[in-house]
Amino acid sequence: MKPELVDPVEWKELTDQFDNEFGYGVSKALLGDRAPVTISRGDTKSFYLVPRDWVGSLEEERTDFEVYSLGIRMGDLKEGKFRLSLQILDALAELTDKLLVVSQQGAEAFTYSRSIIKESVIKLDSHLKRGQRVIVLNKDGEVLGLAALSVDGNRLKRLASDRLVGKNLVDIGAYLRGA
Amino acid sequence: MANRQLRQKAKELAKATGYLPYMIERYLALWGEKETIQFIEACEEQITTSVRVNSLKIDAEALRTRLHIKQVTLKPVEWLDEGFWAEFEGSPGSLFEHMLGYYYVQGVPSMTVTKVLDPHPGETVIDVAAAPGGKTTHIAQLMENTGTVIAIDEDRQRIKSLESNIQRCGVSNAIILRGDAKKLDRLGHTPDRILLDSPCSGEGLIPLDPSRKTSTSMADIRFCATREDQLLEAAVNALPSGGTMVYSTCSIAPEENEYIVDEILHRHPDMRIVAIPLEFGSPGYSQPYGVELNESMTLTRRFLPHLHGTEGFFICKLEKE
Ligand SMILES: C[S@@+](CC[C@H](N)C(=O)[O-])C[C@H]1O[C@@H](n2cnc3c(N)ncnc32)[C@H](O)[C@@H]1O
């Protein structure tokens, strides 16, 4: 399928959800001066952020070449769920406060696709709720991936050290495992 | 050496060293006995690992400091600001800094190819045979993530690695296209530069993969040469006047390198080989096996295991009038 500019109504729906989860105005800041485009493949719609001056040439028919990806991959929409790409997390981490900082040991386990247990957590905001997706960072603020909280942030103190705090959704170890 | 003598010598050497006789025959005809033996010996030596610092994510000094803590020493490659010889304790790809996209494990000849292409910020550059993206990500870094890099490959599996490397390295100015680059002239983009890092026989990779001593036949080399000719022809046709192009292979075979470029110069009088303003390697051959080729072939460069301690590579920079 060829890339298409995202329909404004669809974009609003998506970004409203996004802002709800990651903070008001985050999707606008993420988009910056780029344009959102999609490529549909089966039941999945991939979203990309591309420089505006690419838009004109995107919709040209290209029979000999299939556009596989372009610009910054934002994520994939499948069955109503938006899965964020690893590539967008660096920029998102600068814009949102939905963050979870883990210890060195926690970071290593996480990049081997493990989930995060209480003893690895260095910092988690107490107002975050169970189910919230959070960007996982190491002590140096480097982005390791994305996790879904399995407890409310304010319950963290009461958890035993081996209890699950964040379920691994995606981590940068995928770059090695996939290659 | 007379033909019969050469054949006999090749047979003996091939038997003693585990190569196919036709390969040694060609080496003897190309280099003579002394250099052939030097080549064979060099192919038994390990090639030093090298990495390219990804300036889109970190600067060289910061990476050097971080890797130093992990007992990795980096030594600069003279002609490449971003290139380093590296000594790792374990696998160079398994470090955290690699996952973070701070460096790309890449052979020095490969890094040199992109440096020779010399892409500038804001340009449109086509990387014709791009997967897994070593050169695409380098191009993007030299363009500081501006302009457009069009990365083409026809292999579905390899394109996944290309996308993964693009994401890991934080590249945001690339368009990945899947398709047959022989149809490049139908792409409808006007590039400032084109890189054709062509699929080849890999005859330069013997030091990295000893199975190549016996895995490729002369027919395979001919097959590769035909494909190289077709891809280079398509690339030349897609290059606008005033445009720059680099043709490279990881093969040491003149049949895949100087011969291919010579044919192109015959068919396209508006194309010329230009000098490479970097100090590395040694000149390409204008008379391989005694065959007279365009004199300017000496402006091309070769990396050879026995002369430069790297895998074998061929790099040619061309311009269209
Ligand atoms: C030498 S490798 C390229 C390495 C790459 N430039 C890098 O630096 O990472 C050659 C590539 O050409 C691709 N290829 C082969 N024939 C092709 C064709 N007709 N059109 C497009 N790509 C092709 C192969 O799939 C392979 O990935």
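Residues numbered from 1 in each chain as written. Chains lettered and ligands numbered in written order. Predicted model: local features only at pLDDT ≥ 70, side-chain atom pairs only at ≥ 80, totals over all residues. Heavy atoms only, no water.

> What is the right way to read the domain arrangement of chain A from this model?
By convention, interface size is frequently given as the accessible area that disappears when the constituent parts associate. Residue and element names in this part refer to chain A. Split into domains, chain A comes out as domain 1 (4–85) and domain 2 (97–177). Measuring from the centre of the C-alpha atoms in domain 1 to the corresponding centre in domain 2 gives 27 Å. Tallying the contact residues gives five residues for domain 1 and five residues for domain 2. With both sides pooled, the region where domain 1 packs onto domain 2 buries about 530 Å², and carbon together with sulfur makes up 43% of that total. Interface area lost by domain 1 to domain 2 is led by E21, F22 and L84, which between them contribute 83%. Inspection of the domain 1/domain 2 interface yields one salt bridge. Here R133 makes a salt bridge to E21, at a shortest N to O gap of 2.8 Å. (Domains from an automatic or database assignment. Contact = heavy atoms within 4.5 Å. Buried area = accessible area lost by both parts, 1.4 Å probe. Salt bridge = Lys/Arg side-chain N within 4 Å of Asp/Glu carboxyl O.)

> Please clarify how unusual backbone geometry should be interpreted in this entry.
Peptide bonds are, in most cases, trans, and in most cases residues other than glycine have a negative phi. All names here are of chain B. For the peptide bond that leads from A131 to P132, omega is 5°, which places it in the cis range. Among the structural elements, P132 can be located in the loop between β5 (124–127) and α6 (134–142). With a phi close to 65°, Q71 is a non-glycine residue in the positive phi region. Position of Q71 among the secondary structure elements: in the loop between α3 (60–69) and β2 (73–77). Judged by its relative accessible area of 54%, Q71 is exposed. (Helix = DSSP H or I, 4+ residues; strand = E, 2+ residues; numbered from the N terminus. Buried < 20%, exposed > 50% of the residue type's maximum accessible area, 1.4 Å probe, protein only.)

> I keep staring at the sheet that holds β2 of chain B and nothing clicks. Help me out?
Where strands meet in a sheet, backbone hydrogen bonds hold them as pairs that are either parallel or antiparallel. Residue and element names in this part refer to chain B. What the four strands build is an open sheet, ordered β2-β3-β1-β4; its pairing is antiparallel. Across the chains shown, the open sheet's two edge strands, defined by having one partner strand only, are β2 and β4 (103–105). Direction aside, the axes of adjacent strands within the sheet are offset by 35° on average. Relative to strand β3 (residues 80–87), strand β1 (residues 50–53) runs antiparallel, the two sharing three bridges. Considered in β3, the bridge of S50 is made with W85. Its contacts with the sheet put helix α5 (residues 108–117) on β1, β2 and β3, and the angle it makes with β3 is roughly 175°. (Pairing = 2+ DSSP bridges. Axes fitted to C-alpha atoms, helices over the stretch in contact; angles between N-to-C directions.)

> Quick question: what am I supposed to make of the packing of α5 of chain B against α6 of chain B here?
Residue and element names in this part refer to chain B. Here α5 crosses α6 at 40°, and the two axes come no closer than 10 Å. Taken together, the axis directions place α5 and α6 in an arrangement best described as oblique. With respect to the hand of their crossing, α5 and α6 are arranged in right-handed fashion. Mapping the contact onto sequence places S110, M111, V113, T114, K115 and L117 in α5 and K135, H138, I139 and L142 in α6. (Parallel < 35°, antiparallel > 145°, perpendicular 65-115°, else oblique. Left-handed = near helix turned anticlockwise from the far one by under 90°.)

> Explain the interface of chain A and chain B here, please?
With 29 residues of chain A at the contact, the number on the chain B side is 37 residues. With both chains or domains summed, chain A and chain B bury close to 2700 Å², and 55% of this area falls on carbon and sulfur atoms. A per-residue breakdown of the area chain A buries against chain B is headed by F65, Y68 and Y175 of chain A, which together make up 27% of the total. Per-element accounting of the side of chain A that touches chain B gives the leading share, six residues, to strand β4 (residues 65–70) of chain A. Partitioned by chemical class, the residues of the side of chain A that touches chain B number 14 nonpolar, eight polar and seven charged. (Nonpolar A, V, L, I, M, F, W, Y, C, P; charged D, E, K, R; others polar.)

> When you look at the sheet that holds strand β12 (residues 164–171) of chain A in this model, what are you seeing that I'm missing?
Residues and elements named next belong to chain A. Spatially, the six strands line up as an open sheet ordered β8-β12-β11-β10-β7-β9, and their pairing is mixed. The strands lining the two open edges of the sheet, one partner per strand, are β8 (116–117) and β9 (121–124). Relative to strand β11 (residues 143–149), strand β10 (residues 133–137) is paired through five bridges, and the arrangement is antiparallel. Its bridge partner lying in β11, R133 is registered against A148. Sitting on the sheet, helix α4 (residues 86–95) touches β7 (99–102), β10, β11 and β12, and the angle it makes with β11 is about 90°.

> Which parts of the structure should I look at to understand the site of the ligand?
Residues and elements named next belong to chain B. The full set close to the ligand counts 18 residues, and D153, R158, D180, A181 and D197 are the nearest of them. R158 has a polar side-chain atom sitting 2.6 Å from an oxygen atom of the ligand. A distance of 2.8 Å separates a nitrogen atom of the ligand from a polar backbone atom of A181. A majority-of-atoms criterion places the ligand in the largest pocket. Among the residues making up the shell around the ligand, the classes are represented as seven nonpolar, four polar and seven charged. (Near = heavy atom within 4 Å. Polar contact = N/O pair within 3.5 Å; in protein donor to acceptor, adjacent residues only side chain to side chain. 1 Å grid on protein atoms, 1.4 Å probe; cavity = no way out; pocket = protein on both sides within 12 Å on 5 of 7 lines; lining within 4 Å. Sits in = over half its atoms within 2 Å of the grid points.)

> Can you walk me through the layout of surface pockets in this structure?
Here the idea is plain: a probe the size of a water molecule rolls over the atoms and shows the empty space left. Quantified by volume, the largest pocket comes out at close to 1400 Å³. Taken together, 49 residues line the largest pocket, and the ones lying closest to its centre are A131, P132, K135, R158 and D197 of chain B. Residue assignment for the lining of the largest pocket shows that the elements contributing at least two residues are α6 (174–178) of chain A together with β4, α6, β6 (148–153), α7 (156–168) and α8 (218–238) of chain B. Ranked by the residues each element gives to the lining of the largest pocket, the list is headed by α7 of chain B, at four residues. Residue classes in the lining of the largest pocket are distributed as 20 nonpolar, 16 polar and 13 charged. Put simply, the second largest pocket is a space of about 1100 Å³. In terms of lining residues, the second largest pocket is bounded by 37 residues, among which D76, R83, L84, S85 and V170 of chain A are the most central. Grouping the constituent residues of the lining of the second largest pocket by class yields 15 nonpolar, eleven polar and eleven charged. (Points joined across faces, edges and corners; volume = space filled by probe spheres on them.)

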